[in-house]
Amino acid sequence: MNAEASLLTARARVHAALGEPARLAIVDALTLGDASPGEIAADLAMPTNLVAHHVKVLQEAGLLVRTRSEGDRRRTYLRLVPGVLSSLTAPRLDSAERVVFVCTHNSARSQLAAALWRDRVGGPVASAGTIPAQRVHPRAVRVAHEHGLALDPAGTHHIDDVVGAGDLVIAVCDNAHEDLTGPIRPRLHWSVPDPARVDTDEAFEAAYTDLADRIDRVAPTLNPGADHG
C-alpha cells in the first residue's frame, strides 16, 4: 500500500470512529481539556463500561491516548492526539506562484473570485476569460462594491495573455473547464452558475456567496510554501 492509500485508510478509520454519537461526544469533551474515564462518564451520563468500550475504539483509531496521573498514580487521563482531527481535512494543494480564476467572458465570476481572493487570502491573483467581454458586467461591479471590493469595469483579459507556468488555474464556469483541454488546463473546477443568464442582483449575489464559500474552503489547503500572503 502506497503512502497516499495508507493516509486514506487512516482517515477512514478516524471517520468511522467518529461516526458513533457517543464517541463524538467524548472527543468533543476532550477538545479543550483532558479528563479521566470516570469524569467522562459523569459528564456525559454514560455507564463506565460503555465509556471504556468507546475509549478503546478511539484509541485504536489513533484519536486519543491515556496518560498516568502524576498525582494519584492509580488514575489515568484521556487526551486527544494532536493533529489527528486536522488530518480529516482534504489533502493540501501543491504550491503555486499565483492563483488565476478563469471563466468564459471574464466579466463576472472570475472577476469576483479574484477580488474575493485578494481581499480574504492575499498574494498574487488574477482573472481571465476564454472569450473576454469588452467590459465587466455592471451588476458584478455593483455587488463587489457593496461588499467593499473594487472591480475595474474595463479590466477584462484573455487567458493567453495572463496564465503562465506556476499558476494555479481555477475554472469558475463549466464552459471554461470543458474548453480548456490544451496546455492551459484548470487544476480545479467550480461549477458556479452564470449570473448573467438570469441577470438579476440576486443572481450575482448568489454567485458572490458561492465563490466566497469555495475560497474559504480552498485557501487553507494551499501548502505553506505557496506565496499567498
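A quick note: this is a predicted structure, and the numbers were derived from the prediction, not measured. (Residues numbered from 1 in each chain as written. Predicted model: local features only at pLDDT ≥ 70, side-chain atom pairs only at ≥ 80, totals over all residues. Heavy atoms only, no water.)

**Some details on the domain arrangement of the protein**
The condition that has to hold: Start and end positions for the domains come from either an automated domain assignment or a database one.
Structurally, the protein comprises domain 1 (3-87) and domain 2 (98-221). Each of domain 1 and domain 2 has a C-alpha centre, and these two points are 43 Å apart.

**Digging into the layout of surface pockets**
Which entries qualify depends on this criterion: Both site types are read off a 1 Å grid over the protein atoms alone. A 1.4 Å probe that fits but cannot get out defines a cavity, while an open set with protein on both sides within 12 Å along at least five of seven lines defines a pocket; lining residues have an atom within 4 Å of a point. Grid points are joined across faces, edges and corners, and a volume is the space filled by probe spheres set on the points. To qualify as a helix, a DSSP run of H or I must reach at least 4 residues; to qualify as a strand, a run of E must reach at least 2; elements of each kind are numbered from the N terminus. Under the scheme applied here, ten amino acids are nonpolar (Ala, Val, Leu, Ile, Met, Phe, Trp, Tyr, Cys and Pro), four are charged (Asp, Glu, Lys and Arg), and all others, including Gly, are polar.
Estimates place the volume of the largest pocket at around 230 Å³. Secondary-structure elements contributing two or more residues to the lining of the largest pocket are α7 (174-179) and α8 (195-198). Split into classes, the residues belonging to the lining of the largest pocket amount to six nonpolar, five polar and four charged.

**Focus on the sheet that holds strand β3 (residues 98-103)**
Worth spelling out the cut-off: One requirement defines pairing of two strands: DSSP has to find at least two bridges between them.
Pairing is parallel in the open sheet, where four strands are placed in the order β4-β3-β5-β6. What marks the edges here is a single partner per strand, and that holds for β4 (125-129) and β6 (188-189). Where β3 meets strand β5 (residues 167-171), five bridges bridge the pair, whose relative direction is parallel. When the bridges of β5 are listed, Val102 appears paired with Ala171.

**Here we look at the environment of Ala22**
Operational definition: Exposure is judged per residue with a 1.4 Å probe applied to protein chains only, and the accessible area is read against the type maximum: over 50% gives exposed, under 20% gives buried, and values in between give partly exposed.
Of note, Ala22 is situated in helix α2 (residues 21-30). Given a relative accessible area of 16%, Ala22 falls into the buried group. C-alpha of Ala22 to C-alpha of Leu44: the two residues are 22 residues apart in sequence and 8.6 Å apart in space.

**Considering the packing of helix α5 (residues 109-120) against helix α9 (residues 201-218)**
Between two packed helices, the angle of one axis relative to the other and the distance separating the axes together describe the packing. Which entries qualify depends on this criterion: Note on definitions: angles span 0 to 180 degrees between N-to-C directions of axes, and those axes are lines fitted to C-alpha atoms, for helices only across the stretch in contact. When an angle is under 35 degrees it counts as roughly parallel; over 145 it counts as roughly antiparallel; between 65 and 115 it counts as roughly perpendicular; any other value is oblique. The sense of a crossing depends on the near helix, which, turned anticlockwise from the far helix by less than a right angle, makes the crossing left-handed and, turned clockwise, makes it right-handed. We call two residues contacting when some pair of their heavy atoms lies within 4.5 Å.
Running from amino to carboxyl end, α5 crosses α9 at an angle of 45°, the nearest separation of the two axes being 10 Å. By the angle class used here, α5 and α9 are oblique. Considering how the two elements wind past one another, α5 and α9 form a crossing that is right-handed. Of the residues in α9, those touching α5 at Arg109, Leu112, Ala113, Leu116, Trp117 and Arg120 are Phe204, Tyr208, Leu211, Ala212, Ile215 and Asp216. By residue class, the composition of the contact of α5 with α9 is nine nonpolar, no polar and three charged.

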